[in-house]
Amino acid sequence: MASRLLRGAGALAVQALRACGPARVAARSMATGGGVPTDEEQATGLEREIMNAAKDNMDPYNVLAPKAAPGTKEEPNLVPSITDKRIVGCVCEEDNSAVIWFWLHKGETQRCPNCGTHYKLVPQQFSH
């Protein structure tokens, strides 16, 4: 008896929705409101601040990868540091899985002991 009542109520609901037409049916999908929001639209807090700064070519929290230089003695890769030394990891070949770690000290350019790429330590100040 109860199952007949539930089936009857469901059938009445379907008939009512069909009578209203497809425009009246409540759609619950993200596509109806303009699609899936982009990363910029849904970013908040620190993530939004970093994304806005990246649009202006700024990196206030040093989260972006540094710009690569040729790595020659005349144009070394610049490594920012707030101290007089910093440890650097060099992946000498593109498909290599080993990282060569070495200390980089303030002053002259230094070479990776494995591949010979040059690095130079530059002073870095906090932006805030």
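Calculation notes
- Residues numbered from 1 in each chain as written.
- Predicted model: local features only at pLDDT ≥ 70, side-chain atom pairs only at ≥ 80, totals over all residues.
- Heavy atoms only, no water.
- Pairing = 2+ DSSP bridges.
- Helix = DSSP H or I, 4+ residues; strand = E, 2+ residues; numbered from the N terminus.
- Contact = heavy atoms within 4.5 Å.
- UniProt positions renumbered as here; feature names shortened; annotations may be inferred.
- Core = buried A, V, L, I, M, F, W, Y, C linked by side-chain atoms within 4.5 Å.
- Buried < 20%, exposed > 50% of the residue type's maximum accessible area, 1.4 Å probe, protein only.

J.: Residue-level account of the sheet that holds strand E1 (residues 77-81), with values.
T.: Strand order in this open sheet of 3 strands is E1-E5-E4, and the pairing throughout is mixed. Whereas interior strands pair on both sides, the edge strands pair on one side only; in this sheet they are E1 and strand E4 (110-111). In the sheet, E1 pairs with strand E5 (residues 118-123) via 5 bridges, with the strands oriented parallel. When the sheet's bridge partners are listed, asparagine 77 is paired in E5 with tyrosine 119.

J.: Residue-level account of the side chain of asparagine 77, with values.
T.: With respect to the element layout, asparagine 77 can be found in strand E1. For asparagine 77, the residues in contact, after removing those within four places along its chain, are Ala68, Ala69, Gly71, Thr117, His118, Tyr119 and Lys120.

J.: With reference to specific residues and values, describe the UniProt feature "modified residue: N6-acetyllysine" (unreviewed entry) in the protein chain.
T.: Sequence positions flagged by UniProt for "modified residue: N6-acetyllysine" (unreviewed entry) are, in local numbering, Lys67, Lys85 and Lys120. Within the secondary structure, lysine 85 sits in strand E2 (residues 85-90). Contacts of lysine 85, omitting those with residues within four sequence positions, involve Trp103, Leu104, His105 and Leu121.

J.: Can you explain the nonpolar core? Please cite residues and give values.
T.: Within the largest apolar cluster, 8 residues are counted, these being Val79, Val88, Cys90, Phe102, Leu104, Cys112, Tyr119 and Leu121. Mapped onto this core, the elements with two or more residues apiece are E2, strand E3 (100-105) and E5. Leave out the neighbours within four places in its chain, and leucine 104 touches Val79, Asp84, Lys85, Arg86, Val88, Gln110, Tyr119, Lys120 and Leu121.

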